[in-house]
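Structural description and commentary
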Amino acid sequence: MTFLRAFVRLRWALASLAGGCVLLPVPWVIAAQGTARPDLIDTPSRTLVVAQRSTVSGVASQGGRTIAVGPRGLILLSEDRGVSWRQIVSPVSTDLTTVRFVSSGVVWAVGHDAVALRSSDSGASWERVLDGRAVLTLLRESAKGSEEMEGEIQRTVEQSATPEVWPAPLLDIWFAPDGLTGFAVGGFGLILKTSDAGNTWQPWNWQIDNPQRYHLYALTGGVGGVFVAGEQGLVMHLDATTQRFERVQTPYHGSFFGIASFGSRLLAYGLRGNAFVSEDSGHTWKKIETGTDANLVSAVAHGDSAFLVSQQGNVLAVDFAAARAIIYDQAPGAEVYGAAMTDSHRLALARLNGVGVIAFNAQVK
């Protein structure tokens, strides 16, 4: 029997060192071929009585507004820096994985079935811009004339639980400061580019150095350019001349769940407390001794300081000069899947049981 897999949030996945297989804290959704399921792409999210205590997988904040996203299209909005929350209607019921503020008033959320949502009013309302049907059409158009590419697409589509829907999730999205150029990445090496603020997108699956089609978990951009991080120690850098993402060598072969720019520094982090910093755009790397074997799920800036957040709820202050990270604060409780600084004194945590907020007054160099 052929089984079809729908990915849940991959960033906090636990990968076995031997085989690299992915074990997830939330069970995979597995369905036999032909099993009917609701069309989550066209089904708006339902109102939850206790939405503020529901699982959230991503959180972002800007200008006093904080947004969290999660399973079944859940979108929560806080207008008081994470003190109180209200649920916002989502146009989809697919699981959302990540939310990002792009520019003043513009927010993006991405998730399963290759869904991308956009808000132009700081999260008060949302429209569906991309989904797995549209992405599949884009991929097929870009692959015309290439038997190899067409075959690869068909083999992937055969794993979809919904006919004619690209089966992989989008896991991160990033835009340049101009708000026009952006990338979205996800499972099976999926990568899309836009040059018009997300109104249209082009597949870049064949413009990256990722023939194994490793899952792509995270994006960042800064002084050193645009970078993508993924499983098996994969980090790629956008070559401005060739307009390709080229692989850079890293000293780690486990999954990087995140990558972040702190000025000229590039910080890659992920499985079992592993974190590495590069000060030369990924050419060389130095290991950060974190003192933990918990997965690292987020990196946040606070003034001139950098912090890593673990799945267990530990907040680690990073000392780049000493190449180490020490515990600044602890937030015990349900698993943490993401974090965002809401203002100078509050850190919002995306948790299994809702959004948690902790006081944050660090001044660490």
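Please refer to the structure placed before this passage.
Figured I'd write up the structure that's included with this text. (Residues numbered from 1 in each chain as written. Predicted model: local features only at pLDDT ≥ 70, side-chain atom pairs only at ≥ 80, totals over all residues. Heavy atoms only, no water.)

**Regarding the layout of surface pockets**
Spelled out, the test is: Here a cavity is any set of points on a 1 Å grid over the protein atoms alone where a 1.4 Å probe fits but cannot get out, and a pocket is any open set with protein on both sides within 12 Å along at least 5 of 7 lines; a residue lines the site when it has an atom within 4 Å of a point. Grid points are joined across faces, edges and corners, and a volume is the space filled by probe spheres set on the points. Helix and strand labels come from DSSP, where a helix needs a run of H or I of at least four residues and a strand needs a run of E of at least two; each type is numbered from the N terminus. Under the convention adopted here, Pro, Cys and the residues Ala, Val, Leu, Ile, Met, Phe, Trp and Tyr are nonpolar, Asp, Glu, Lys and Arg are charged, and Gly plus all remaining residues are polar.
Approximately 1,100 Å³ is the volume found for the largest pocket. Around the largest pocket, the lining is made up of 44 residues, and of these Arg100, Phe101, Trp174, Thr220 and Ala299 lie nearest the centre. Here the lining of the largest pocket gets seven residues from one element, more than from any other, and that element is strand 9 (residues 96–103). For the lining of the largest pocket, the class distribution of residues is 25 nonpolar, 15 polar and four charged.

**Some details on the nonpolar core**
To keep it simple, the criterion reads: We define a nonpolar core as any set of buried Ala, Val, Leu, Ile, Met, Phe, Trp, Tyr and Cys residues linked to one another through side-chain atoms lying within 4.5 Å. Relative accessibility thresholds used throughout: buried, under 20% of the residue-type maximum; exposed, over 50%; partly exposed, between the two (1.4 Å probe, protein chains only). When checking whether two residues touch, look at their non-hydrogen atoms; a contact exists if any pair is within 4.5 Å.
Val135, Trp166, Leu170, Leu190 and Trp201 are the most contacted members of the largest nonpolar core, which has 23 residues in total. Those elements giving two or more residues to this core turn out to be strand 10 (106–111), helix 1 (132–143), helix 2 (147–157) and strand 13 (170–175). A total of four residues in this core trace back to one element, the largest contributor, which is helix 1. Every residue in contact with tryptophan 166, bar those within four places of it in the chain, is listed here: Asp113, Ala114, Gly132, Val135, Leu136, Leu139, Ile153, Thr156, Val157 and Leu190.

**Thoughts on empty space enclosed by the protein**
This model, assessed by the stated rule, comprises two cavities of 30 Å³ or more. Taken as a whole, the largest cavity encloses approximately 50 Å³ of empty space. Along its surface, the largest cavity is lined by Gly222, Val223, Gly224, Gly225, Phe227, Ser261, Gly263, Ser264, Arg265, Leu266 and Ser281. When residues of the lining of the largest cavity are traced back to their parent elements, those giving at least two are strand 18 (225–230) and strand 22 (265–270).

**A word on the pattern of salt bridges**
Inclusion rule: Salt bridge criterion: a side-chain nitrogen from Lys or Arg within 4 Å of a carboxyl oxygen from Asp or Glu.
According to the stated counting rule, one finds 12 salt bridges in the structure shown. When the shortest N-O distance is used, the salt bridge between arginine 86 and glutamate 79 registers 3.3 Å. Bridged by salt links that share partners, the residues Asp39, Asp42, Arg128, Asp131 and Arg133 form one connected network.

**With respect to the packing of helix 1 against helix 2**
Rules: Simply put, an axis is a line fit to the C-alpha atoms, just over the touching stretch for a helix, and the angle between two N-to-C directions goes from 0 to 180 degrees. Note on terminology: angles under 35 degrees are roughly parallel, angles over 145 are roughly antiparallel, angles of 65 to 115 are roughly perpendicular, and the others are oblique. Each crossing gets its hand from how the near helix is turned against the far one by less than a right angle, where anticlockwise is left-handed and clockwise is right-handed.
Relative orientation of the contacting elements helix 1 and helix 2 amounts to 155°, with a least axis distance of 8 Å. Judged on the interaxial angle alone, helix 2 and helix 1 are roughly antiparallel. Relative to helix 2, the crossing made by helix 1 is left-handed. Note on element contacts: helix 2 touches helix 1 through Met149, Glu150, Ile153, Gln154 and Val157, opposite Leu136, Leu139, Arg140, Ser142 and Ala143. Per-class residue counts for the contact of helix 1 with helix 2 are six nonpolar, two polar and two charged.

**Points about the packing of aromatic side chains**
Inclusion rule: Only Phe, Tyr and Trp rings take part, Trp by its six-membered ring, and two of them pair if their centres are within 6.5 Å. Stacked means planes under 30 degrees apart, edge-to-face means over 60, and tilted covers everything else.
For the structure on display, the rule yields 12 aromatic pairs. When the ring of tryptophan 108 is compared with that of tryptophan 201, the centres are 5.8 Å apart and the planes differ by 80°; the resulting orientation is edge-to-face. In this pair, tryptophan 108 is assigned in strand 10 and tryptophan 201 in the loop between strand 15 (191–194) and strand 16 (202–203), connecting sequence segments 93 residues apart. For tryptophan 108, a relative accessible area of 1% gives the class buried. With a relative accessible area of 6%, tryptophan 201 lands in the buried category. Pairwise contacts between aromatic rings join Trp108, Phe175 and Trp201 into one cluster.

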